[in-house]
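# Results of the structural survey
If you want the building blocks of each chain, they are given just below.
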Amino acid sequence: MRFQDTGLANNELVERAFNYAQAYTQSLAKEVLVNYRASINKSYDRELELLKADLQDKLITPEEYEKEKLALEKQRAFDLRGPSPQIISAALDKLFRANAIGAALEIQNHSDKASPELIAAALLSDCVRSPVDCKKIGKVFGEAVEDMIGSIIHVQVYPVEHDEKTAAASDD
């Protein structure tokens, strides 16, 4: 997807945030594939254990066990061929459109004060998994974007400073 096709305001900061977030989202493809394969293997192991229990409890014959085990192995092999990288990429792109771009458009179209920094923060919030990620984004996009992302996802980049501000805040 191209930035020009999003409907987002033509702004350099927003476009950089879009490009960064899109690249980050696509970088998750390998992780998604690894997790998919691990899930298939875990499911296979669980089904095989159930099958072994059935054999041990004499609910099935050894011949039925072997037949069912072979069917499980074939299904596992088929599932492990799984989605192609193109399918994973398309699914990640769909999520990016719905989540990041959708949130940014919602803010842009329904807020009187939708600054480029706020729209960038909406685009980038899914790119943060830790305070280190938040600080990295802050270095690239500025402290205002970093602070907004921290507020959006409740990441404490500077826990000591946060604790001092919280302690100094009134109960009002």
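Look above for the structure.
An account of the accompanying structure is given in this report. Quantities reported herein were computed from a predicted structural model and do not represent experimental measurements.

Now for the overall build of the chain. Broken down by element type, the chain carries 8 helices and 0 strands. Reading the chain from its N terminus to its C terminus gives the helix and strand order α-α-α-α-α-α-α-α. When each of the 172 residues of the chain is scored for burial, the buried share is 27%. Summing over all exposed atoms, the chain offers an accessible surface of approximately 11,400 Å²; the carbon and sulfur share of this is 53%.

In contact at an axis separation of 9 Å, helix H1 (residues 12–27) and helix H5 (residues 116–124) are set at 5 degrees when each is read in the N-to-C sense. Classified by the interaxial angle, the pair formed by H1 and H5 is roughly parallel. Contact residues: H1 offers Leu13, Val14, Ala17, Phe18, Tyr20 and Ala21, while H5 offers Pro116, Glu117, Ile119, Ala120, Leu123 and Leu124. Taken together, the residues that form the contact of H1 with H5 break down as 11 nonpolar, no polar and 1 charged.

With that settled, consider H1. Between its first and last C-alpha, H1 extends 22 Å over 16 residues, near the 22 Å set by a 1.5 Å rise per residue. For H1, every residue scored as buried is listed here: Leu13, Val14, Ala17, Phe18, Ala21, Gln22, Tyr24 and Thr25. One side of H1 holds all its buried residues, which, seen down the axis, span an arc of 160 degrees. Along its buried surface, H1 packs onto helix H2 (29–56), helix H4 (85–110), H5, helix H6 (131–141) and helix H7 (143–153). Between the side-chain oxygen at the start of H1 and the backbone nitrogen of leucine 13 there is a gap of 2.9 Å, and the oxygen is on asparagine 11.

Moving on to the packing of aromatic side chains. Using the criterion set out here, one finds 3 aromatic pairs in the structure. Between phenylalanine 18 and phenylalanine 96 the ring centres are 5.6 Å apart and the planes differ by 50 degrees, which places this aromatic pair in the tilted class. You can see phenylalanine 18 sitting in helix H1 and its partner phenylalanine 96 sitting in helix H4, a full 78 residues away along the chain. Like phenylalanine 18, the residue phenylalanine 96 is buried in the burial classification. Considering the side-chain rings of tyrosine 20 and phenylalanine 141, the 5.4 Å spacing of their centres and the 90 degrees angle between planes classify their relative orientation as edge-to-face. Residue tyrosine 20 is located in helix H1, and its partner phenylalanine 141 is located in helix H6; the two are separated by 121 residues in the primary sequence. Residue phenylalanine 141 is classed as buried on the basis of its relative accessible area of 7%. Ring pairing ties together the aromatic residues Phe3, Phe18 and Phe96, which thus form one cluster. Taking NZ or CZ as reference, arginine 76 lies 4.6 Å from the ring centre of tyrosine 44, over its face.

Side chains of Glu63, Glu64, Glu66, Glu68 and Glu73 sit close together on the surface and give a patch of like negative charge. For glutamate 66, the position within the fold is in helix H3 (residues 62–81).

Attention now goes to the side chain of glutamine 22. Its place among the elements puts glutamine 22 in helix H1. Apart from residues no more than four positions distant in its own chain, glutamine 22 is found in contact with Met1, Asp93 and Phe96.

Glancing now at the pattern of salt bridges. For the structure shown, the criterion picks out 5 salt bridges. The salt bridge partner of glutamate 31 is arginine 129, with a shortest N-O separation of 3.2 Å. Here glutamate 31 is found in helix H2, whereas its partner arginine 129 is found in the loop between H5 and H6, with 98 residues between them in sequence. Here glutamate 31 falls in the partly exposed class, since its relative accessible area comes to 34%. A salt bridge links glutamate 49 to lysine 52, with the nearest nitrogen and oxygen atoms 3.7 Å apart. Taken together, the positions of glutamate 49 and lysine 52, both in helix H2 and 3 residues apart, correspond to about one turn of that helix. Glutamate 49 gets classed as partly exposed once you look at its relative accessible area, which sits at 48%. A relative accessible area of 37% places lysine 52 in the partly exposed class.

Calculation criteria
Residues numbered from 1 in each chain as written. Predicted model: local features only at pLDDT ≥ 70, side-chain atom pairs only at ≥ 80, totals over all residues. Heavy atoms only, no water. Helix = DSSP H or I, 4+ residues; strand = E, 2+ residues; numbered from the N terminus. Buried < 20%, exposed > 50% of the residue type's maximum accessible area, 1.4 Å probe, protein only. Areas by Shrake-Rupley, 256 points an atom, 1.4 Å probe, with all protein chains shown as cover. Axes fitted to C-alpha atoms, helices over the stretch in contact; angles between N-to-C directions. Parallel < 35°, antiparallel > 145°, perpendicular 65-115°, else oblique. Contact = heavy atoms within 4.5 Å. Nonpolar A, V, L, I, M, F, W, Y, C, P; charged D, E, K, R; others polar. Expected span 1.5 Å × (residues − 1). Arc of directions from axis to C-beta. Polar contact = N/O pair within 3.5 Å; in protein donor to acceptor, adjacent residues only side chain to side chain. Phe/Tyr/Trp six-rings, centres within 6.5 Å; stacked < 30°, edge-to-face > 60°. Lys NZ or Arg CZ within 6 Å of the ring centre and 35° of its normal. Patch = residues over 30% accessible without salt bridge, like charges linked within 9 Å, V, L, I, M, F, W, Y side chains within 5 Å. Salt bridge = Lys/Arg side-chain N within 4 Å of Asp/Glu carboxyl O. Lys, Arg positive; Asp, Glu negative; His and termini not counted. Charge placed at Lys NZ, Arg CZ, Asp CG, Glu CD.

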